[in-house]
Amino acid sequence: MSIRFMKTVPAMPLLVVGTLTVAATALFALAPVSRAEEAAAAATTLDKPAKAATKAKKAPPAPNPAVAGEPGLIPFTPTEVTAAPPGAIDITSDETMEWHDDQLAAVARGHVVVVRGEDTLHCDTLVVYYRKTKDGSTEMYRMAADGQVVMTSPSQQAYGDHGVYDVDQDVTVLTGDHLHMVTRSDTVYARDTMEYWRQQQLLVARGNAVAINDKGDRIRADVLVGIMEENAAKQLEMTRMDAKGNVLIVTPKDIARGSEGTYNVKTRIAILTGDVKLTQGQNQVNGHRAEVNNATGVSRMLPDENVKGGRVHSVLMPKKSDQPAAPAPTTPGGGAKP
């Protein structure tokens, strides 16, 4: 079962298609009767006097190229009816497609597949909400997917249990367990929501969000915002990751913490600000701003640019061999205890 939606959709598109189908079936049913009438007319002509045969015969109607051998039938080609115009949303399902006119909603059930250009959505159930316009037509403004939701495009795949697509804002929000999105170089996880803003080309992961790239770099925060750009091959790729709230960056040598951070995917350099702490083993450096270079493995603590005379504070733990020896205990008489 298949249906397509444009942003402005006729009130009952299925009814139009069904009407065309019934009309075409009726014309096919009438075709044999028309051939019988033509045969009877031909027999009557043969019984007429010979002089009638001398009259000029009327040329037969040209056969309809759309339906060979059936002159006079209206061409009915399924490709003309089902071809999706640019920008249309194509929906197919294995089970049913229901229209609820009182609620201005359509429901598709059973392995629903939604295709829009190069983007595809898979789910168990899909509800399409539409509203009436001033000219009397209807337009779709929201889609809600439920059950095993998977969004795919040429450069990324996103997974969740539930999904809502806002047509006006062109944004999709995924929720559920095991939320994550996979791109060509990064995998992003979230606990609460995973949002994709199509026009702004932004990915927003909320709630204990974690991003891991193919080089092993890892960044965690309350909210991660991934900025995507087109590369030379016209494919979207992650170029920057902004982190807010309880930012944590783990490298093979260091652990960096801060209030906010920005990670450059290409240079692999992260800048952390706000109560920053760099930890290596038992050593810790505190400051306001830090640079963590995952490519070189070098981390630097920088003073606060907004504070005049700001300083960096470090707490280092020496090795046990470097610590001074403890004084020998003494006896009450003042001598050293053997």
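The model shown is predicted, which means the values in this text are computed figures rather than measured ones.

Thresholds, definitions, all that
- Residues numbered from 1 in each chain as written.
- Predicted model: local features only at pLDDT ≥ 70, side-chain atom pairs only at ≥ 80, totals over all residues.
- Heavy atoms only, no water.
- Helix = DSSP H or I, 4+ residues; strand = E, 2+ residues; numbered from the N terminus.
- Buried < 20%, exposed > 50% of the residue type's maximum accessible area, 1.4 Å probe, protein only.
- Areas by Shrake-Rupley, 256 points an atom, 1.4 Å probe, with all protein chains shown as cover.
- Phe/Tyr/Trp six-rings, centres within 6.5 Å; stacked < 30°, edge-to-face > 60°.
- Contact = heavy atoms within 4.5 Å.
- Polar contact = N/O pair within 3.5 Å; in protein donor to acceptor, adjacent residues only side chain to side chain.
- pLDDT = per-residue confidence, 0-100.
- Salt bridge = Lys/Arg side-chain N within 4 Å of Asp/Glu carboxyl O.
- Pairing = 2+ DSSP bridges.

1. Observations regarding the overall build of the chain
Phase 1 of the analysis: Within the chain, the regular secondary structure consists of three helices and 20 strands.
Phase 2 of the analysis: A buried classification covers 34% of the 338 residues belonging to the chain.
Phase 3 of the analysis: A total accessible area of about 20900 Å² is found for the chain, and carbon and sulfur atoms account for 56% of it.

2. Describing the packing of aromatic side chains
Phase 1 of the analysis: A complete count under the given rule lists one aromatic pair for this structure.
Phase 2 of the analysis: The interplanar angle of 65° and the centroid separation of 5.7 Å between the aromatic rings of Trp99 and Tyr130 together place this pair among those described as edge-to-face. With Trp99 in strand β4 (residues 96-100) and Tyr130 in strand β6 (residues 119-132), the pair connects residues that are 31 residues apart, well separated along the chain. The burial state of Trp99 is the same as that of Tyr130; both residues are buried.

3. A short note on the environment of Asp222
Phase 1 of the analysis: With respect to the element layout, Asp222 can be found in strand β14 (residues 218-230).
Phase 2 of the analysis: Along the backbone, Asp222 and Ser259 are 37 residues apart, and their C-alpha atoms lie at a distance of 9.9 Å.
Phase 3 of the analysis: Excluding residues within four positions of it along the chain, Asp222 makes contact with Ala205, Arg206, Gly207, Asn208, Ala209, Lys244, Gly245 and Asn246.
Phase 4 of the analysis: Engagement of the side chain of Asp222 in a polar contact is seen with the side chain of Asn246, the distance being 3.0 Å.

4. Here we look at the confidence of the model for the chain
Phase 1 of the analysis: Confidence in the prediction for the chain averages 75 pLDDT; 64% of positions are at 70 or higher.
Phase 2 of the analysis: Counted against residues more than four places away or in other chains, residues 6-56, with its pLDDT under 50, gives 36 contacts.
Phase 3 of the analysis: Taken as a whole, residues 61-81 scores under 50 in pLDDT and shows 19 contacts with residues more than four places along the chain or in a different chain.

5. Details of the pattern of salt bridges
Phase 1 of the analysis: Summed over all chains, the structure comprises 13 salt bridges.
Phase 2 of the analysis: For Asp170, the salt bridge identified is with Arg198, shortest N-O distance 3.8 Å. Of this pair, Asp170 sits in the loop between β8 (156-166) and β9 (171-175) while Arg198 sits in the loop between β12 (193-197) and β13 (202-213), and the two are 28 residues apart along the sequence.
Phase 3 of the analysis: Given the relative accessible area of 33%, Arg198 is considered partly exposed.
Phase 4 of the analysis: Overlapping salt bridges, with partners in common, bring together Arg116, Asp119, Asp170 and Arg198 in one network.

6. Points about the side chain of Thr239
Phase 1 of the analysis: Checked against the element boundaries, Thr239 lands in strand β15 (residues 236-250).
Phase 2 of the analysis: Here Thr239 falls in the buried class, since its relative accessible area comes to 11%.
Phase 3 of the analysis: Excluding its chain neighbours within four sequence positions, the residues that come into contact with Thr239 are Ile227, Glu229, Tyr263, Asn264, Val265 and Lys266.

7. A closer look at the pairing of β13
Phase 1 of the analysis: Bridging between strand β11 (residues 186-190) and β13 involves four bridges; their strand directions are antiparallel. Looking at β13, one finds that Tyr189 is bridged to Val210.
Phase 2 of the analysis: Where β12 meets β13, five bridges bridge the pair, whose relative direction is antiparallel. Following the sheet pairing, Tyr196 is matched in β13 by Leu203.
Phase 3 of the analysis: Counted between consecutive antiparallel strands, the loop separating β12 from β13 contains four residues, among which Gln201 sits at a positive phi close to 55°.
Phase 4 of the analysis: Pairing analysis gives nine bridges linking β13 to β14, with the strands arranged antiparallel.

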